[in-house]
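Letter by letter, the chains look like this.
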Amino acid sequence: MNALNSSLSKDFMPTDDELLQKFLYNKINNKPIPNYLNIIEHDLFGTNKNPLDIWNEFEASFSYGGKDLYFFTTLKKKSATSTRSIRTIGSGNWEGEDTGKNIFAKDTDQLLGLKKRYRFERSNTPQDGGWILHEYNLNKSLINNTPVNNYVLCRFRKNLKSESKNTQAKSSIGDKSNSHLRNISRIKNCSAQESKEREPIIPKQEEPVIPKQVEPVISENNVLVKKYIIYEEAITQSNDGGNEGKYGDDDDDEMSCPEFFAKTRLEINGEGFIKEDDVQILNNSSHKDFLLENNIM
């Protein structure tokens, strides 16, 4: 059976009338069942197993096309007097999507039974809508005697469309999360840029300009010289009618050497005071030579 199942696994799917006429009819009326389809006998109603648990248990060996499993299972009444059947499975329910479709035999148009479609429902979980159940009920006119078990045949299908939607939803959530992070990053970058633009511009401090020192004047004889400027002063009248100037005898002790030299030169040569423009530049030893020549020192 496994070898046969493997050869049919890619594209084999029995028709609705085939499932009712050849498989469910024979199961209920105790006739041989064709062996070209693997049908498992297992509870799908009122069981503690979730659809995913059932799929993981049987999918590797008995699935067709990686999406379908086939089961014989029994309908269980909610109570002895109830006409309603239990539709719970694991932590969810099988919710009906239609009122049923009549299935007829292709060759005779005989009514074979009813096909109903159910969807696994468990709100706010990834498994919600992830499983589909096609339930086949044999018409009572085809049942020879009252069966011990109220058998139905079910195609248990993995809803690939729902799985794709869940994957897209997760991807969308991931994209939104990444988009949110990118927006935060952009906001941080903009804030940093604005903060940078708002920082006060501090002018660059220029280095202080240090004035160049004026080099001393050197004469032709490479002798450092110094220019002395003698100003003309007003002469004041003394009490005895004499004239007093800055260079009175009482101030000799307080005169600097250049001042004393200028005064002495005036006294000896009888020259008047010299204006600033007429002063010659003398070297540092000129006054000494002058004093030696006139036997002053």
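Just above sits the structure.
Presented here is an overview of the structure given in this document.

Parameters at a glance
Residues numbered from 1 in each chain as written. Predicted model: local features only at pLDDT ≥ 70, side-chain atom pairs only at ≥ 80, totals over all residues. Heavy atoms only, no water. Helix = DSSP H or I, 4+ residues; strand = E, 2+ residues; numbered from the N terminus. Buried < 20%, exposed > 50% of the residue type's maximum accessible area, 1.4 Å probe, protein only. Contact = heavy atoms within 4.5 Å. Areas by Shrake-Rupley, 256 points an atom, 1.4 Å probe, with all protein chains shown as cover. Salt bridge = Lys/Arg side-chain N within 4 Å of Asp/Glu carboxyl O. Core = buried A, V, L, I, M, F, W, Y, C linked by side-chain atoms within 4.5 Å. Phe/Tyr/Trp six-rings, centres within 6.5 Å; stacked < 30°, edge-to-face > 60°. Lys NZ or Arg CZ within 6 Å of the ring centre and 35° of its normal. Arc of directions from axis to C-beta. Pairing = 2+ DSSP bridges. Polar contact = N/O pair within 3.5 Å; in protein donor to acceptor, adjacent residues only side chain to side chain.

### Side note on the overall build of the chain
Broken down by element type, the chain carries six helices and twelve strands. Residues counted as buried form 28% of the 297 residues belonging to the chain. Once local pairs closer than 6 in sequence are excluded, the contacts in the chain between residues at least 24 apart make up 61%. If you sum the accessible surface of the chain, you get close to 21,200 Å²; carbon and sulfur atoms cover 48% of it.

### Thoughts on the pattern of salt bridges
The full count for this structure, using the stated rule, is nine salt bridges. Residues Glu97 and Arg117 are paired through a salt bridge, measuring 2.3 Å at the closest nitrogen-oxygen approach. Here Glu97, found in the loop between strand S4 (92-96) and strand S5 (101-104), pairs with Arg117, found in strand S6 (residues 111-121); they are 20 residues apart in sequence, far enough to count as distant. The exposure class assigned to Arg117 is partly exposed, which follows from its relative accessible area of 32%. It is possible to trace a salt-bridge network through shared partners that takes in Glu97, Arg117, Arg119 and Glu121.

### A closer look at the nonpolar core
Within the largest apolar cluster, 20 residues are counted, with the highest numbers of intra-cluster contacts made by Leu24, Leu37 and Leu153. Counting only elements with at least two residues in this core, the list comes to helix H2 (16-28), strand S2 (68-74), strand S7 (131-138) and strand S8 (151-158). When residues in this core are grouped by element, the largest group, six residues, is from H2. Counting 18 residues, the second-largest nonpolar core is a separate cluster that includes Phe45, Trp55, Trp94 and Val152.

### Description of the packing of aromatic side chains
Counting across every chain of the model gives nine aromatic pairs. Here Phe58 and Phe71 contribute two aromatic rings whose centre-to-centre distance is 5.8 Å and whose plane-to-plane angle is 75°, an arrangement assigned as edge-to-face. Taken as a pair, Phe58 in helix H3 (residues 51-62) and Phe71 in strand S2 lie far apart in primary sequence, 13 residues in all. Taken as a pair, Phe58 and Phe71 share a single burial class, namely buried. Between Phe71 and Phe156, the aromatic rings sit 5.8 Å apart at their centres with planes inclined by 80°, giving edge-to-face as the arrangement. A residue pair is termed long-range when its members are at least 10 positions apart, and Phe71 in strand S2 and Phe156 in strand S8 qualify at 85 residues. Take Phe71 and Phe156: they sit in the same class, and that class is buried. One Lys or Arg, Lys27, reaches over the ring of Tyr151 and ends 4.9 Å from the middle of that ring. Over the ring of Phe45 we find Arg87; its NZ or CZ atom is 4.9 Å from the centre of that ring.

### Considerations on H3
Buried residues of H3: Pro51, Ile54, Trp55 and Phe58, and no others. Angularly, the buried residues of H3 cover 110° about the axis, an arc narrow enough to put them on a single face. Facing away from the buried surface of H3 by more than 90 degrees, the exposed residues are Asn56 and Ala60.

### Some remarks on the pairing of S7
Each regular strand carries side chains that alternate between the two faces of the sheet. Of all the eight residues making up S7, eight are buried; the element is thus mostly covered by neighbouring parts of the structure. Where burial is concerned, the two faces of S7 agree: the one with Trp131, Leu133, Glu135 and Asn137 and the one with Ile132, His134, Tyr136 and Leu138 are both buried. Of the pairings in the sheet, the one linking S6 to S7 comprises seven bridges and is antiparallel in character. Residue pairing for S7: Arg117 is matched across the bridge by His134. Sheet analysis places S7 next to S8, joined by six bridges and oriented antiparallel. Of the residues in S8, the one forming a bridge with Trp131 is Lys158.

### Digging into the environment of Lys77
Note on placement: Lys77 falls in the loop between S2 and strand S3 (88-89). In this structure, the C-alpha to C-alpha distance between Lys77 and Arg87, residues ten residues apart in sequence, is 9.5 Å. Once residues lying within four places of it in the same chain are set aside, the contact partners of Lys77 are Ser82, Thr83, Arg84, Ser85 and Ile86. A distance of 3.4 Å separates the side chain of Lys77 from the backbone oxygen of Thr83, its partner in a polar contact.

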